[in-house]
Amino acid sequence: MVPEAEVQDVLAELQRLRARVPLLAGALAASTDGLVLAQDTPGVEAEGVAALTAASLGVALRMTEATGRGGFRELLVRGETGYIATYAAGSSAVLTLLAEDRINVGRLHLEGRRASTRIGELVDTALRRTAPHAPSSHAPRPRTPPTGGPLPHRT
């Protein structure tokens, strides 16, 4: 799990994002398996949204794979009164944004992509730091791809 200090940093990023984008009604960061990491979603059950995000992520991963479109990056759903946008945030988290119908979708994507990159960096760094250390090898390890890369395939 992500340490409390990084959770507070993720929450601060969500709050800054909501301050920058006035028609953003809520924001949450969750693990790819549907656990809430941090949330700023007034009037919305964050746990339920995180679980639904994980379910839709599973479908999106299969869809991108089946169509040869590469790893998952983002998903946009438009309802009658607004948008739900989900962005890959590093290798093990996602950012889900709830926006009003009048939002500028280009701005939503711009700010959502930036915030997901920052959140992905925070979460991935925290997970690397708290992971058990593997025995050292003489061969150098390959560098991980930059954040915002494809999420791991779910089984």
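Residues numbered from 1 in each chain as written. Predicted model: local features only at pLDDT ≥ 70, side-chain atom pairs only at ≥ 80, totals over all residues. Heavy atoms only, no water.

Visitor: Lay out the sheet that holds strand 2 (residues 36–40) with the relevant residues and their values.
Guide: Hydrogen bonding along the main chain pairs the strands of a sheet, whether they run parallel or antiparallel. Pairing is antiparallel in the open sheet, where 5 strands are placed in the order 2-1-5-4-3. The open sheet has two free edges, formed respectively by strand 2 and strand 3 (74–79), since each of these has just one partner strand. With strand direction ignored, the average angle separating the axes of adjacent strands in the sheet is 15 degrees. Relative to strand 2, strand 1 (residues 24–31) is paired through 4 bridges, and the arrangement is antiparallel. Bridge pairing in strand 2 links Ala30 to Val36. (Pairing = 2+ DSSP bridges. Helix = DSSP H or I, 4+ residues; strand = E, 2+ residues; numbered from the N terminus. Axes fitted to C-alpha atoms, helices over the stretch in contact; angles between N-to-C directions.)

Visitor: Any details on the pairing of strand 5 (residues 93–100)? Residues and values, ideally.
Guide: Extensive coverage of strand 5 is indicated by the burial of 7 of its 8 residues. Here strand 1 pairs with strand 5 via 7 bridges, running antiparallel. Across the sheet, residue Ala29 finds its bridge partner in strand 5, namely Leu95. Where strand 4 (residues 82–89) and strand 5 come together, 8 bridges link them in antiparallel fashion. Residue pairing across strands places Gly82 opposite Glu100, the latter belonging to strand 5. Turn length for the strand 4-strand 5 hairpin, with the two strands adjacent in sequence and antiparallel, is 3 residues, and the turn residue Gly90 shows positive phi of about 75 degrees. (Buried < 20%, exposed > 50% of the residue type's maximum accessible area, 1.4 Å probe, protein only.)

Visitor: Outline the nonpolar core, supporting the account with residue identities and numerical values.
Guide: In a soluble, globular protein the nonpolar side chains are often hidden away together inside. If you look at the biggest cluster of nonpolar residues, it comprises 26 residues, and the most contacted ones within it are Leu17, Leu24, Leu95, Leu97, Leu108, Ile119 and Val123. Going through the elements one at a time, helix 1 (4–20), strand 1, strand 2, strand 4, strand 5 and helix 3 (105–130) are the ones with two or more residues in this core. The contacts of Leu24, once residues within four sequence positions are left out, are Leu17, Arg18, Leu97, Leu98, Ala99, Ile103 and Leu108. Residues Leu28, Ala50, Ala60 and Leu61 belong to the second largest nonpolar core, which totals 11 residues. (Core = buried A, V, L, I, M, F, W, Y, C linked by side-chain atoms within 4.5 Å. Contact = heavy atoms within 4.5 Å.)

Visitor: Which residues make up helix 3, and what are the values?
Guide: Spanning 26 residues, helix 3 covers 36 Å between terminal C-alpha atoms, matching the ideal 38 Å at 1.5 Å per step. Along helix 3, the positions that sit buried rather than exposed are Leu108, His109, Glu111, Gly112, Ala115, Ser116, Ile119, Gly120, Val123, Asp124 and Ala126. Lining the buried residues of helix 3 we find helix 1, strand 1, strand 2, strand 3, strand 4 and strand 5. The backbone nitrogen of Gly106 lies 2.9 Å from a side-chain oxygen of the residue at the head of helix 3, namely Asn104. (Expected span 1.5 Å × (residues − 1). Polar contact = N/O pair within 3.5 Å; in protein donor to acceptor, adjacent residues only side chain to side chain.)

Visitor: Pulling in residues and values, what's your account of the environment of Arg73?
Guide: Within the secondary structure, Arg73 is located in the loop between helix 2 (46–66) and strand 3. A sequence separation of 12 residues divides Arg73 from Leu61, and the C-alpha atoms of the two residues are 9.3 Å apart.

Visitor: An account of helix 2 is requested, with residue identities and associated values reported.
Guide: End to end, helix 2 covers 30 Å across 21 residues, agreeing with the expected 30 Å (1.5 Å per residue, within 8%). On the buried face of helix 2, the contacting elements are strand 1, strand 2, strand 4 and strand 5. Just downstream of helix 2, Gly68 is the residue with a positive phi angle, here 70 degrees.

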